[in-house]
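Commentary on secondary and tertiary structure
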Amino acid sequence: IDSCDLKRVLSNLLNNSFEAMKEHRGLIQVSAVSLGSHLQVILNDDGCGIPPRVFEKLGTPGFSFGKNKSGSGNGLGISHAKETLERCGGRFDLETQFGQGTQVTITLPRALAPNC
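This report concerns the structure included in the present document. Residue numbering note: each chain is counted from 1, following its sequence as written. Reporting of local features is limited, given that this is a predicted model, to residues whose pLDDT is at least 70; pairs of side-chain atoms are given and counted only at 80 or more, and all residues count toward the totals for whole chains, interfaces and linings. No hydrogens and no water enter the side-chain calculation; it runs on all heavy atoms of the structure.

**Details of the environment of Leu-108**
Here is the rule we go by: Where helices and strands are cited, they refer to DSSP runs of H or I of at least four residues and of E of at least two residues respectively, numbered from the N terminus. Note on exposure labels: buried denotes an accessible area under 20% of the residue type's maximum, exposed denotes more than 50%, and partly exposed covers the range between, all computed with a 1.4 Å probe on protein chains only. When checking whether two residues touch, look at their non-hydrogen atoms; a contact exists if any pair is within 4.5 Å.
Within the element layout of this structure, Leu-108 appears in strand β4 (residues 101–109). By relative accessible area, which is 8% here, Leu-108 ends up buried. Distance in space between the C-alpha atoms of Leu-108 and Leu-35 is 9.8 Å, their sequence separation being 73 residues. Those residues in contact with Leu-108 that lie beyond four places of it in its chain are Ile-1, Leu-6, Ser-37, His-38, Leu-39, Leu-85, Cys-88 and Gly-90.

Okay, here's the thing in structure tokens:
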């Protein structure tokens, strides 16, 4: 994965977690797990979660949820993350419980170290 794309994906997902926090207070945990040929980056937050009626629409380009107050949403963050990860052989998984929080799991194929 291109390092700029990975930074953008992580930045957008962290911003989503932060904006899901009531009064921007809460817990966001980021962890990385090695799975042999893959690496997983897991983001957990204890924000507001995503209502079921909205969950199905996430990842649709132009669809944004809960960004009315911040004015920052254009509906491209999750769709960009999915496209970017799938393009490099990775996966994007999202689990949520409305009112309790969200977990995003990014799975990336392990890359060979550059030959410098």
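**Remarks on the sheet that holds strand β2 (residues 38–45)**
Put simply, the test is: Criterion used throughout: strands pair if DSSP finds at least two bridges between them. Where helices are involved, their axes are fitted lines through C-alpha atoms of the stretch in contact, as for all axes, and angles between N-to-C directions lie from 0 to 180°.
The antiparallel open sheet is built from 4 strands, whose spatial order is β1-β2-β4-β3. Strands with a single pairing partner mark the edges of an open sheet, and in this sheet they are β1 (28–34) and β3 (91–97). Adjacent strand axes in the sheet meet at a mean angle of 15° when their direction is disregarded. For β3 and β4, the ladder comprises 7 bridges, and the chain directions are antiparallel. Across the sheet, residue Arg-91 finds its bridge partner in β4, namely Thr-107.

**Some words on the nonpolar core**
Here is the rule we go by: The nonpolar core is taken to be a set of buried Ala, Val, Leu, Ile, Met, Phe, Trp, Tyr and Cys residues, with the residues joined through side-chain atoms within 4.5 Å.
Counting residues in each nonpolar core, the largest one holds 15 residues, and the members touching the most others are Leu-13, Leu-43, Leu-58, Phe-92, Leu-94, Val-104 and Ile-106. Looking at this core, the elements that each hand over two or more residues are α1 (3–19), β2, α3 (77–87), β3 and β4. Aside from chain neighbours lying at most four places away, what touches Leu-13 is Leu-43, Phe-92, Val-104 and Ile-106.

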